Amino acid sequence: MLDPKLLRQALDETAERLRIRGFNLDVDAIRSLESQRKEVQVATEQLQAERNQHAKAIGEARSRGEDIQPLLNQDSTLDERLTTGKQQLQQLQVALNEQLMAIPNLPDESVLAGTSEDDNLEVRRWGELPAFSFTPNDHVDLAAPSGLMNFEQAAKIAGARFVTLRGALARLHRALAQFMLDLHTGEHGYEEVNVPCIVNRVSLEGTGQLPKFEKDLFKLIDDRDFYLAPTAEVPVTNLLRNEIVAAEQLPIHYVCHSLCFRSEAGASGKDTRGMIRHHQFEKVELVQWVRPADSWQALETLTGHAEQILQKLGLAYRVVTLCGGDLGFAAAKTYDLEVWLPGQQKYREVSSCSNFLDFQARRIQTRWRNPDTGKPEFLHTLNGSGLAIGRTLIAVLENYQQEDGNVRLPKVLAPYMGGDTLLKFNAV
RNA sequence: GGAGAGGUGGCUGAGUGGUCGAAAGCGCUCCCCUGCUAAGGGAGUAUGGGUUAAAAGCCCAUCGAGGGUUCGAAUCCCUCCCUCUCCGCCA
């Protein structure tokens, strides 16, 4: 949520900056609601003050033993006017809040205008693209014939956009998660957390998935407002809801391995092959809470933590800055990490690292006590995938495939694979 | 599933219809005293919002959430959420 003061004091400038991300702020509607709100609120609070004074006077009179009957009969219309005022005020505040909750974060000044991923700006590349003496397969042709990766089975159990893994491939999937967790906890200073993958509406509103993106989520048929979490960002960021964090505890770095569920409602026909875009996948997520002054530096280091995974796995990738139009609802700036997939001859996203500034913290009410002011102030939140496990698995398979159809595994994974450095598909 | 207890400020914890935004303690800040790896005394210390160019001041709201009763609700009534204890069941 943006600071409501922006809508009162700098509405036009705010609208201008939101245009960078293609968001059209209804300036007139907000201005009108805001001026009504001001008028009604001032009047209503005045009436409330009158009522309070009156009730207090009765109390005082009674404690002096005076007759309170004349006072009781005094105000016949106050009650009615107050009730009307309160109702009007609430309606206006609800309307304003609806507007406010639907406004995305302001893009950082370094973010360029643009409408799609084609307008994203490449920042850097790492690693050399693998050279093959044969035509590399994609992960489906590579793994599916062995049966260790099976889309038909998953379709039987659930439907399209699911997969089953078996044997060494299932183990490799687990190994990647373990490797990522160990690196982030062991070398990058994150504390591991384990959280529910069912979340309620309030949590989703807090991180910005709701109210606008309900269609992307799986909602449980249940009267308890349950949704499947689309990313650990939701439960983990909400861990500190309504908390005031002591300055000494900052920064807070959590890492979480979790299941993620997405309806992919707007992606029909897109990435239908393989396990690029599934309804269920696993991800290791990095989440940080930092002092406001530190968040831009934190975005760089967090992105670096995610990059470390790719570097240690020896996977070539590039970093892009998302353009305004590609930016997520709550993010002020996002770096995507895109790993090279030889099977597609493309870079594909495996991580998205964002600085949300105080946008989520304001919705979730996560603050710290600033020693300089003595006051509670909103923290800044950041998060990034470190990394998406399914897509990393694909990248390992495609980049390390050999002519015989087997896959040589990066050395860093050997301890998690029982010492094996070769994944055999054609020996099954 | 059955029975019970409870949700109050940064924390602990009083408060069952009126000067209660809330005792006391802890913690924290400042001052004094002491002259020492201790203790004592005093003062201050919730959050959000409105008004304002801003501040001060003033006003409004907030004692899990939402309704209700009342001139007036932390306190009474209703609904919901959450936590804890015991029994049963169970991964």
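Note that the structure is a prediction, hence the values are computed from the model and not measured. (Residues numbered from 1 in each chain as written. Chains lettered and ligands numbered in written order. Predicted model: local features only at pLDDT ≥ 70, side-chain atom pairs only at ≥ 80, totals over all residues. Heavy atoms only, no water.)

Engineer: Give me the state of the cysteines: which residues, what numbers.
Structural biologist: In the structure shown here, the tally under the stated rule is zero disulfides. Sulfur of C197: no disulfide; nearest cysteine sulfur belongs to C260 and is 9.0 Å away. Cysteine C353 shares no disulfide, and the gap to the nearest cysteine sulfur, in C260, comes to 14 Å. A relative accessible area of 0% places C353 in the buried class. (Disulfide = S-S within 2.5 Å. Buried < 20%, exposed > 50% of the residue type's maximum accessible area, 1.4 Å probe, protein only.)

Engineer: How would you explain the nonpolar core if you had to name every residue and give the values?
Structural biologist: In terms of nonpolar packing, the biggest core is built from 54 residues, with L169, L172, L176, L397 and F425 touching the most fellow members. Ranked by the residues each element gives to this core, the list is headed by helix α8 (residues 167-186), at nine residues. Among all residues touching L169, those that are not within four sequence positions of it are A143, L148, M149, L393, L397, L423 and F425. Counting 23 residues, the second largest nonpolar core, distinct from the first, contains L7, A15, L18 and L106. (Core = buried A, V, L, I, M, F, W, Y, C linked by side-chain atoms within 4.5 Å. Helix = DSSP H or I, 4+ residues; strand = E, 2+ residues; numbered from the N terminus. Contact = heavy atoms within 4.5 Å.)

Engineer: So what's going on with the protein's contact with RNA strand B? Which residues, and what values?
Structural biologist: Within the structure, RNA strand B sits among 21 residues, and R8, K38, Q48, A55 and R62 are positioned closest to it. In the model, a sugar or linking oxygen of RNA strand B is placed 3.1 Å from a nitrogen or oxygen of the R37 side chain. In the model, a base nitrogen of RNA strand B is placed 2.7 Å from a nitrogen or oxygen of the A55 main chain. Those elements that provide at least two residues to the surface near RNA strand B are α1 (4-9), α3 (27-63) and β13 (366-369). Tallying contributions element by element places α3 first for the surface near RNA strand B, with 14 residues. Among the residues forming the surface near RNA strand B, the class breakdown is six nonpolar, five polar and ten charged. (Near = heavy atom within 4 Å. Polar contact = N/O pair within 3.5 Å; in protein donor to acceptor, adjacent residues only side chain to side chain. Nonpolar A, V, L, I, M, F, W, Y, C, P; charged D, E, K, R; others polar.)

Engineer: I'd love a proper account of the side chain of N150, names of residues and values included.
Structural biologist: Here N150 is to be found in strand β2 (residues 149-150). Leave out the neighbours within four places in its chain, and N150 touches V163 and T164.

Engineer: Before we move on, can you summarise the packing of aromatic side chains with the specific residues and values?
Structural biologist: Aromatic ring pairs are described here by two measures, namely the spacing of the ring centres and the angle between the planes. Overall, the coordinates contain seven aromatic pairs when judged by the stated rule. With a centroid separation of 6.4 Å and 70 degrees between ring planes, the pair formed by F179 and Y416 is classed as edge-to-face. Taken together, the positions of F179 in helix α8 and Y416 in the loop between β16 (407-408) and β17 (422-423) put the pair 237 residues apart, joining distant regions of the chain. With respect to class, F179 is no different from Y416; both count as buried. In this structure an aromatic cluster arises from ring pairing among F213, F329 and F359. Taking NZ or CZ as reference, K219 lies 5.0 Å from the ring centre of Y227, over its face. (Phe/Tyr/Trp six-rings, centres within 6.5 Å; stacked < 30°, edge-to-face > 60°. Lys NZ or Arg CZ within 6 Å of the ring centre and 35° of its normal.)

Engineer: Go over the sheet that holds strand β7 (residues 243-245) with me, naming the residues and quoting the values.
Structural biologist: The sheet built from three strands is open, its strands ordered β7-β13-β14 with mixed pairing. Because the sheet does not close on itself, it has two edges, and the strands there are β7 and β14 (376-378). Neighbour-to-neighbour, the strand axes of the sheet open up by a mean angle of 40 degrees, direction not taken into account. Bridge analysis of β7 against β13 gives three bridges, and the strand direction is parallel. Note on β13: the bridge partner recorded for I244 is R367. (Pairing = 2+ DSSP bridges. Axes fitted to C-alpha atoms, helices over the stretch in contact; angles between N-to-C directions.)

Engineer: Talk me through the domain arrangement of chain A; I want residue IDs and the actual numbers.
Structural biologist: By a widespread convention, an interface's size corresponds to the accessible area lost as its parts come together. Domain assignment breaks chain A into domain 1 (26-101) and domain 2 (117-423). Between the C-alpha centres of domain 1 and domain 2 there is a distance of 49 Å. (Domains from an automatic or database assignment.)

Engineer: Explain the sheet that holds strand β8 (residues 252-261) residue by residue, including any values.
Structural biologist: Spatial ordering of the open sheet is given by β1-β10-β11-β12-β15-β9-β8-β4, a layout of eight strands whose pairing is mixed. Since the sheet does not close on itself, it has two edges, and those belong to β1 (121-126) and β4 (191-193), each with one partner. Sheet twist, expressed as the average angle between the axes of neighbouring strands with direction ignored, equals 25 degrees. Judged from the five bridges that link them, strand β10 (residues 317-321) and strand β11 (residues 333-341) form a sheet pairing that is antiparallel. Directly across from R318, in β11, lies its bridge partner E338. Lying on the sheet, α8 is in contact with β4, β8, β9 (280-290) and β15 (380-388); it crosses β9 at an angle near 5 degrees. Against the sheet, helix α13 (residues 389-399) touches β8, β9, β11, β12 (346-355) and β15, its axis set at about 40 degrees to β15.

Engineer: So what's going on with α8? Which residues, and what values?
Structural biologist: End to end, α8 covers 28 Å across 20 residues, agreeing with the expected 28 Å (1.5 Å per residue, within 8%). Inspection of α8 places L169, L172, H173, A175, L176, A177, F179, M180, L181, L183 and H184 among the buried residues, and these make up the whole buried set. (Expected span 1.5 Å × (residues − 1).)

Engineer: Give a description of the packing of α8 against helix α11 (residues 295-313) that names residues and reports values.
Structural biologist: Packing of α8 against α11 brings their axes to within 10 Å, and their N-to-C directions diverge by 125 degrees. The orientation of α8 with respect to α11, classified from their angle, is oblique. The way α8 lies across α11 gives a crossing that is right-handed. In this structure, α8 contributes L176, F179, M180, L183 and H184 to the contact, and α11 contributes H305, A306, Q308, I309, K312 and L313. Across the contact of α8 with α11, the residue classes break down as seven nonpolar, three polar and one charged. (Parallel < 35°, antiparallel > 145°, perpendicular 65-115°, else oblique. Left-handed = near helix turned anticlockwise from the far one by under 90°.)

Engineer: I'd like a rundown of the pairing of β8, residues and numbers included.
Structural biologist: The element β8 is extensively covered by neighbouring structure, given that eight of its ten residues are classed as buried. Relative to β8, β4 runs parallel, the two sharing three bridges. Paired with V193 across the strands is C256, a residue of β8.

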